[in-house]
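# Architecture and fold: a report
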Amino acid sequence: MDDSQFLDFDDLLPMIGEFGFFQKILFVLMIPFCFIAAFVYLGQIFMTLAPNHYYCLVSELSLVEDEQLRKDLSIPREKDGTFSKCLMYDTNYTAIHIAKNRSQFINTSLPKIPCTKGYVFDKKEMPFQTATMEFGWLCDNDRYATYAQMIFFVGSIFGGLCYGHFADHCGRIAALVSSCFLALVGSLFTSISRNFIGFAFTRFMVGASYDTCFTMIYILVLEYVGPKYRTFVGNMSLALFYSPFTMAMPWFALWTTTWRSFSVAATLPILLSMFSYCMLPESARWLVSVGHIDDALKILKRVASCNNSPVPNNVLENFKVSCQQFYREELEGRHFNVCSIFKRSRMARYTTLMILIWMTMSLLYDGHVRAASVLDKDNVFLVFCLACATELPGNLLLILTLDRFGRRWCAFAYTSLSGIFSLVGANLKRPMHMLVAALVGRFCANICYNIGLQWAAEILPTVVRAQGVALIHTMGFVAMLMSPPVIYLSHVSNSLMLNILGGLGILGGIMALFLPETLNHDLPQTLSDGDDFGREQRIWHMPCCGRGTKRVDRPRRLWHQGSSLRTISREEFRSRKLHRKAMNRDSGNWDQESLPLDKERVQKSYKYK
């Protein structure tokens, strides 16, 4: 075929509709998966909540109606005059039980021992029964709740590695549905677990589904949306769907009353998501990449029909021939892996830095999410709801600023501000002032986390983008492993916990300045592009002030701009058709019409019959 007639997915997308009825339906179908993401991520926090007020259970005194007398008889006081949460008197409670005048047995000099038969909880203060309360993960055993949270992230690391490989070989929908099924099974078995081992194993299963159960639908929708709509769609899906579900999660837990009912009730939306296998289309880009071009064409015809944008058959035939040639000459028998990233020094440096920044952002974000459960234990459900409410304005602010000031300066500003407000809160004496400062830090952490999600994918070259992002996200889960221990430090001091989060925010913000800006720049498509990307940028430049390079820009590489198929640079190409633009440019015959990039240009390039 003629070089100028080569057509790929991004050339065809404006013709079938960039954000039509089909894409809007996909956008709405994200709703159940946003609930699943909110439940899988936040559910365990509520399941392992520790109450603020409790004391040792003495069954022999259960018939004593006067709670004050019951405490005086069995519970010693701390130095501040409050009753101990973890100690009881070692005495003959049977004798007290049968005595007529029990007050005579009050003796503060009795020996003290740890609780032996569980605890008594204030149901008004904690109307939701947690696994921590049922299994007695308090006092000397309070570390078990932290261990369970860490095991969840161990499962996330395992799932991230396995599902990344699974999605590349079996498809996005298969990975999405199987991860939801794993979350369903794990949640059901969580509800019948009887000890720490059973609870931890089932949470490992649920953790393995985390990330995949949402990112697959997130990526799938963005793949069918035009480039100018992707920032809006990506962030509005989080603002309109994910944020409200996170705000509703504490009240949903209260409505179910127990952690077992909570785990079972949440499986209904997960069960409904299983039908997505029949409703959602497979990724047309993935189908092309594995050679299933006819299947991709069927989906694209359905997209065009839903959007009322019919495409002539000769255009579709050219697209089919182009994809077949691309697969035969460029993909078949060629393999790139994550190790390819580290074979180029500059790209290896950027990737390593992005990993460190993402680990910092992940720990900062997850730390602030969990901090809401310990900063005000008397109003934990209300505070958690307010903290989650910061997600919505954060996503809206991100839409307004990210494409104006760029990824680098926004990441620096919001990550640093999160750290600064955390440090300010750590040094405030009044609990309410500390809480307000921490909520502002959470607001900024929400924004920087969402920036990191997009920035990581833009810095890496297309040929290794999926595997590179999987590596970065997996390292983020490794960092999140340390979040429960950081929150556990609240047992020592809330200030210590916030100081650590504050230091991480400042460190992450500074590191963000050393990555290249991707806004208004051609994204790297090849290993060579990735190694050369950002070489001409100045560290103090802001995108709203211009391109800001050290020297004259090279001509823009329109031959691969926005393309999902043209993924290999000149030194990596085997097909001359896929490099036709570069050859034309170098020969001095730079033909702007040689590759149609929008619907009008495509129509000029084909003679409709």
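Look above for the structure.
Attention here is on the structure that accompanies the text. (Residues numbered from 1 in each chain as written. Predicted model: local features only at pLDDT ≥ 70, side-chain atom pairs only at ≥ 80, totals over all residues. Heavy atoms only, no water.)

### Brief notes about the overall build of the chain
From N to C terminus, the chain includes 27 helices and four strands. A total of 609 residues make up the chain; the buried ones form 55% of that total. Summed over all atoms, the accessible surface of the chain reaches about 26000 Å², with 61% contributed by carbon and sulfur. (Helix = DSSP H or I, 4+ residues; strand = E, 2+ residues; numbered from the N terminus. Buried < 20%, exposed > 50% of the residue type's maximum accessible area, 1.4 Å probe, protein only. Areas by Shrake-Rupley, 256 points an atom, 1.4 Å probe, with all protein chains shown as cover.)

### Description of unusual backbone geometry
With glycine set apart, most residues show a phi of negative sign, and most peptide bonds adopt trans. Positioned with a positive phi, D211 is a non-glycine residue whose angle comes to about 85°. Along the chain, D211 falls in the loop between helix 9 (196–209) and helix 10 (212–223).

### Section: the nonpolar core
Residues L12 and F46 are the most contacted members of the largest nonpolar core, which totals 141 residues. In terms of residue count, the dominant contributor to this core is helix 3 (residues 31–47) (13 residues). Look past the residues within four positions of F46 in its chain and what remains in contact with it is F128, T130, M249, P250, A253, F262, F381 and F384. (Core = buried A, V, L, I, M, F, W, Y, C linked by side-chain atoms within 4.5 Å. Contact = heavy atoms within 4.5 Å.)

### Quick notes on the state of the cysteines
A disulfide bridge is the covalent bond that connects two cysteines by way of their sulfur atoms. In this structure the tally under the stated criterion is two disulfides. Between the sulfur of C56 and that of C115 lies a disulfide, 1.7 Å long from S to S. Here C56 and C115 share a disulfide; its torsion about the S-S bond, -65°, makes the bridge left-handed. Taken together, the positions of C56 in strand 1 (residues 54–56) and C115 in the loop between strand 3 (112–114) and strand 4 (119–121) put the pair 59 residues apart, joining distant regions of the chain. Each member of the pair, C56 as well as C115, carries the same accessibility label: buried. (Disulfide = S-S within 2.5 Å.)

### A short note on a nonpolar patch on the surface
Residues L268, L271, L272, F275 and M279 make up a contiguous nonpolar surface patch of roughly 540 Å² in combined accessible area. The element contributing the most residues to the nonpolar patch is helix 13 (residues 267–273), with three residues. You can see L271 is positioned in helix 13. For L271, a relative accessible area of 44% gives the class partly exposed. (Patch = residues over 30% accessible without salt bridge, like charges linked within 9 Å, V, L, I, M, F, W, Y side chains within 5 Å. Salt bridge = Lys/Arg side-chain N within 4 Å of Asp/Glu carboxyl O.)

### Looking at the pattern of salt bridges
It is possible for side chains of opposite charge to pair when their charged atoms get near one another. Here the structure, examined in full by the defined rule, presents six salt bridges. Note that E60 and K117 form a salt bridge whose closest N and O atoms lie 3.2 Å from each other. Of the two residues, E60 is situated in the loop between strand 1 and helix 4 (67–74) and K117 in the loop between strand 3 and strand 4; the sequence distance between them amounts to 57 residues. A salt bridge links E134 to R260, with the shortest nitrogen-to-oxygen separation between them at 2.6 Å. Taken together, the positions of E134 in helix 6 (residues 131–135) and R260 in helix 12 (residues 259–265) put the pair 126 residues apart, joining distant regions of the chain.

### Some words on the environment of Q68
Within the secondary structure, Q68 sits in helix 4. Setting aside residues no more than four positions away along its own chain, Q68 makes contact with R77 and F83.

### Describing the packing of helix 3 against helix 19 (residues 380–389)
A pair of packed helices is captured by two measures, namely the crossing angle of their axes and the spacing between those axes. Look at helix 3 against helix 19: their axes get within 13 Å of each other, and the N-to-C directions meet at 160°. On the basis of their axis angle, the class for helix 3 and helix 19 is roughly antiparallel. Note on packing geometry: the crossing formed by helix 3 with helix 19 is right-handed. Across the interface between the two elements, L42, I45 and F46 from helix 3 touch F381, F384 and C388 from helix 19. (Axes fitted to C-alpha atoms, helices over the stretch in contact; angles between N-to-C directions. Parallel < 35°, antiparallel > 145°, perpendicular 65-115°, else oblique. Left-handed = near helix turned anticlockwise from the far one by under 90°.)

### Brief notes about the packing of aromatic side chains
Per the stated rule, a full pass over the model turns up 33 aromatic pairs. Measuring from centroid to centroid gives 5.4 Å for F39 and F262, while their planes differ by 70°, and the two rings are edge-to-face. Taken as a pair, F39 in helix 3 and F262 in helix 12 lie far apart in primary sequence, 223 residues in all. In this structure, F39 and F262 share a single accessibility class: buried. Grouping aromatic residues by their ring pairs yields a cluster made of F35, F39, F46, F128, F245, F252, W255, F262, F381 and F384. Here the basic side chain of R77 rests over the ring of F83, its NZ or CZ set 4.0 Å away from the ring centre. (Phe/Tyr/Trp six-rings, centres within 6.5 Å; stacked < 30°, edge-to-face > 60°. Lys NZ or Arg CZ within 6 Å of the ring centre and 35° of its normal.)

### Concerning the packing of helix 7 (residues 143–170) against helix 8 (residues 172–190)
Across the interface, helix 7 lies against helix 8 with an axial gap of 7 Å and an inter-helix angle of 140°. Viewed along their axes, helix 7 and helix 8 adopt a mutual orientation that is oblique. Residues Y163, F166, A167, D168 and C170 of helix 7 touch helix 8, and the partners they reach there are R172, A174, A175, S178, S179 and L182. Across the contact of helix 7 with helix 8, the residue classes tally to seven nonpolar, two polar and two charged. (Nonpolar A, V, L, I, M, F, W, Y, C, P; charged D, E, K, R; others polar.)

### Description of the side chain of S483
Turning to its location among the elements, S483 is positioned in helix 23 (residues 483–488). Classification of S483 by relative accessible area gives buried; the value is 0%. Dropping the residues within four chain positions of it, S483 is found in contact with L363, D366, G367 and R370.

### Thoughts on the side chain of R203
Locating R203 in the fold gives a position in helix 9. Despite being buried, R203 has no salt bridge partner; D366 is the closest side chain of opposite charge, sitting 12 Å away. At 2.7 Å, the side chain of R203 forms a polar contact with the side chain of Q44. Side-chain polar atoms of R203 contact the side chain of T190, separated by 3.3 Å. What R203 contacts, discounting residues up to four positions off in sequence, is V40, Q44, M47, F152 and T190. (Lys, Arg positive; Asp, Glu negative; His and termini not counted. Polar contact = N/O pair within 3.5 Å; in protein donor to acceptor, adjacent residues only side chain to side chain.)

### Considerations on the environment of G509
With respect to the helices and strands, G509 occurs in helix 24 (residues 494–512). A relative accessible area of 0% places G509 in the buried class.

### Considerations on the environment of I341
Relative to the elements of secondary structure, I341 occurs in the loop between helix 17 (313–331) and helix 18 (345–371). A C-alpha to C-alpha distance of 9.9 Å links I341 and T352, two positions eleven residues apart in sequence. In this view, I341 contacts M347, A348, T351, L460, V464 and G468; residues no more than four positions away in its chain are not counted.

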